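Chain by chain, the residues:
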Amino acid sequence: MRTPQISIAREGYPFIFFSAFVTLTLALIGLVTLTLLGLVCSAFVLWFFRDPDRIVPDENDGLICPADGKVIILEKIFDERFLKQEVYKLSIFMNVFNVHVNRVPLDGSVERVFHRSGKFYSADTEKGALQNEFCATRLTTGSGRSLVFVQVAGLIARRIINRLEPGDKVRAGQRFGLIRFGSRVDLYLPLDTEFTVSVGDKVRAGESLLGRLK
């Protein structure tokens, strides 16, 4: 079995280089205290953009976790924004200490990717869920079922990155983007989903199994 490796998300390189440049400049002009602070900041930025390999569970119709964090919502709702029907909504909150690379939850075809500008309230609140900036991806599985996964900006997170485009064929566990500096990912799922997690559980992107589509 291949040993998982830890790499750096390419979106983090500008932040890492800038932080390192500022730290080096402070060191060259002899500002010791600020240089030490710069080293701490540089180390945090490098660590924040870590992108570890994950061993994706080999499960037919298994729902792979799209984000590191904590399950904060699992409920049945009528989805008025995306699927226009009753669904299960599962929300995962990411804090600044979690890995922020997001992954595709199921094999399928990308039908639509749509972005909406909005506010930047705390992502773990109802107001944040309804009014914050988001980027939603609608996916159709091989069996014809539709689901949506939504990257939601937060109080600190101000940049959503989604590399998917309509027509893309994707695999469960595949990296597709990230949200910088903490936020949440919402899943809108068919009612025949059978869950293996509950509210309060901590989960890992590309590794934790959230449930199965029956």
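Structure: above.
Residues take numbers from 1 onward in each chain, read along the sequence in its written order. Note on the predicted model: pLDDT of at least 70 is required for a residue's local features to be given, and 80 or more for side-chain atom pairs to be given and counted; whole-chain, interface and lining totals, by contrast, use all residues. Neither water nor hydrogens contribute to the side-chain values; these are computed over all heavy atoms in the structure.

Asks: Any chance you could break down the overall build of the protein for me, citing the residues and the numbers?
Replies: Comment: elements are numbered from the N terminus, with helices defined as DSSP H or I runs of at least four residues and strands as E runs of at least two. Summing up its helical and strand segments, the protein has three helices and 16 strands in all. In this description, contact between two residues means that some pair of their heavy atoms is separated by no more than 4.5 Å. Restricting the contact set of the protein to residue pairs at least 6 apart, pairs at least 24 apart contribute 71%. Accessible areas in this description were obtained via Shrake-Rupley with a 1.4 Å probe; residue shielding takes into account the shown protein chains only. For the protein, the exposed area adds up to about 11,000 Å²; of that, 57% sits on carbon and sulfur atoms.

Asks: I'd like a description of the sheet that holds strand 9 (residues 146-152), backed by residues and values.
Replies: In short, DSSP must find at least two bridges between two strands for them to pair. Spatial strand order, 11-7-8-9-13-5-4-15: eight strands in an open sheet with antiparallel pairing. Edge positions in the sheet fall to strand 11 (169-170) and strand 15 (202-203), since each of these pairs with one other strand and no more. Sheet analysis places strand 8 (residues 134-140) next to strand 9, joined by seven bridges and oriented antiparallel. Residue pairing across strands places T137 opposite F149, the latter belonging to strand 9.

Asks: Tell me about helix 1 (residues 13-28), and name the residues and values.
Replies: Structural remark: α-helix, 3.6 residues per turn; residues separated by three or four positions point the same way. Compared with the 22 Å implied by 1.5 Å per residue over 16 residues, the 22 Å span of helix 1 between its first and last C-alpha is a close match. G30, located one to two residues past helix 1, shows a positive phi value of around 85°. The span one expects for a helix is its residue count, reduced by one, times 1.5 Å.

Asks: How would you sum up helix 2 (residues 32-48)? Please name residues and give values.
Replies: Taking 1.5 Å as the rise per residue, helix 2 with 17 residues should run 24 Å; its terminal C-alpha atoms sit 24 Å apart, in good agreement. Buried residues are those whose accessible area, probed at 1.4 Å on protein chains only, stays under 20% of the maximum for their type, while exposed residues exceed 50% and partly exposed ones sit between those limits. Within the span of helix 2, buried status applies to T35, G38, S42, V45 and F48. Down the axis of helix 2, the sector holding all buried residues measures 145°, keeping them to one side. Away from its buried face by more than 90 degrees, helix 2 exposes V32, T33 and V40. Of the surrounding secondary structure, the elements contacted by the buried residues of helix 2 are helix 1, strand 2 (50-52) and strand 12 (175-179). To be clear, the arc concerns the directions from the helix axis to the C-beta atoms.

Asks: Describe the environment of R145, naming the residues involved and giving the relevant values.
Replies: Among the structural elements, R145 can be located in the loop between strand 8 and strand 9. Note on R145: relative accessible area 17%, which makes it buried. In this structure, the C-alpha to C-alpha distance between R145 and L189, residues 44 residues apart in sequence, is 9.2 Å. Not counting residues up to four positions away in its chain, the partners in contact with R145 are D61, L139, T140, P190, D192, L213 and K214. Whenever two N or O atoms come within 3.5 Å, that pair is a polar contact, provided that in protein one can donate a hydrogen and the other can accept it, and provided that, for residues adjacent in sequence, both atoms are side-chain atoms. In this structure the side chain of R145 is engaged in a polar contact, spanning 3.1 Å, whose partner is the side chain of S143.

Asks: Tell me about the pattern of salt bridges, residues and numbers included.
Replies: By convention in these notes, a salt bridge is any Lys or Arg side-chain nitrogen within 4 Å of a carboxyl oxygen on Asp or Glu. One pass over the full model with this rule turns up nine salt bridges. The shortest N-O distance in the salt bridge between D53 and R175 comes to 3.0 Å. Here R175 lies in strand 12 and D53 lies in the loop between strand 2 and strand 3 (62-64), a separation of 122 residues in the sequence. What makes D53 buried here is its relative accessible area of 18%. One salt bridge connects D192 with R145, and the closest N-O pair in it is separated by 3.0 Å. Remark: R145 occurs in the loop between strand 8 and strand 9 and D192 occurs in the loop between strand 13 (183-189) and strand 14 (193-195); sequence separation between them is 47 residues.

Geometry only, nothing functional implied.
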